[in-house]
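What follows is the residue order along each chain.
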Amino acid sequence: FRRVLFRSGEMMAIVGASGSGKTTLMNILGGLDVPSAGKALVDGNDLTRLSEAQRIAYRRYVVGHVWQQSGRNLLTELTAAANIELPQLLGGVKGSKRSRHASELLEMVGLKGYEKKKPAQLSGGEQQRVAIARAIAKEPTLLLADEPTGELDSVTASEIFQLLRRLNQQLGLTIITVTHDAAIAAV
């Protein structure tokens, strides 16, 4: 990419073949990798110049991630609610507020009553819904979804993209998704 501009509150899908650099771009925007050249500015943060402490704070408070592999999104030994509460705990949110917010987020993603279920008790689509709730639990300004439907059937994939679009509209959240499936991205 030479110059790409993502506006606040926008939802964008980046479509490309495997090996085209989509995940690398997501890792740079997510503060996981540092670009070897050029600039990457997100929400006033120059990702090429952040100290390690600033990079950690950026990842903790500015950006949320949803990965293709459910194993990267959720801790298997924790319940859905505990998975959603974890980023809030790390951010210093108190217990009762964390629990209440986790329940609200589960309802928002269509999983009201799933608080005590562990990932192994959930379908792939349900796991991705919990992963989305976890990613937005800390109220980031940017949500990065790297092939979030890659392990899902086409119907469930469409539902997940519709959920992301609804969250984008309801929360004003900037969402960048990468996919190899142009049909799903058009949803």
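Structure first, text after, so check above.
In this report, the structure presented in the accompanying data block is examined.

Thresholds applied
Residues numbered from 1 in each chain as written. Predicted model: local features only at pLDDT ≥ 70, side-chain atom pairs only at ≥ 80, totals over all residues. Heavy atoms only, no water. Pairing = 2+ DSSP bridges. Helix = DSSP H or I, 4+ residues; strand = E, 2+ residues; numbered from the N terminus. Axes fitted to C-alpha atoms, helices over the stretch in contact; angles between N-to-C directions. Buried < 20%, exposed > 50% of the residue type's maximum accessible area, 1.4 Å probe, protein only. Salt bridge = Lys/Arg side-chain N within 4 Å of Asp/Glu carboxyl O.

Turning to the sheet that holds strand β6 (residues 174–179), a few remarks are in order. The parallel open sheet is built from 4 strands, whose spatial order is β1-β6-β5-β4. Whereas interior strands pair on both sides, the edge strands pair on one side only; in this sheet they are β1 (11–15) and β4 (63–67). When strand polarity is set aside, the average angle formed by the axes of neighbouring strands in this sheet is 15°. Both β4 and strand β5 (residues 142–146) contribute to a ladder of 5 bridges, which runs parallel. Within β5, the position partnered with W67 by the bridge is D146.

Here the phi dihedral of D43 falls at roughly 50°; this positive angle occurs in a residue that is not glycine. Topologically, D43 is positioned in the loop between β2 (41–42) and β3 (45–46). Residue D43 is classed as exposed on the basis of its relative accessible area of 51%. Phi at E147 is positive, roughly 50°, even though this residue is not glycine. Take E147: it is sitting in the loop between β5 and α7 (154–171).

Applying the stated criterion across every chain, the model contains 4 salt bridges. Note that E85 and R98 form a salt bridge whose closest N and O atoms lie 3.7 Å from each other. In this pair, E85 sits in helix α4 (residues 80–90) while R98 sits in helix α5 (residues 95–108), placing the two residues 13 residues apart along the sequence. R129 is paired through a salt bridge with E159; the nearest N and O atoms lie 3.9 Å apart.

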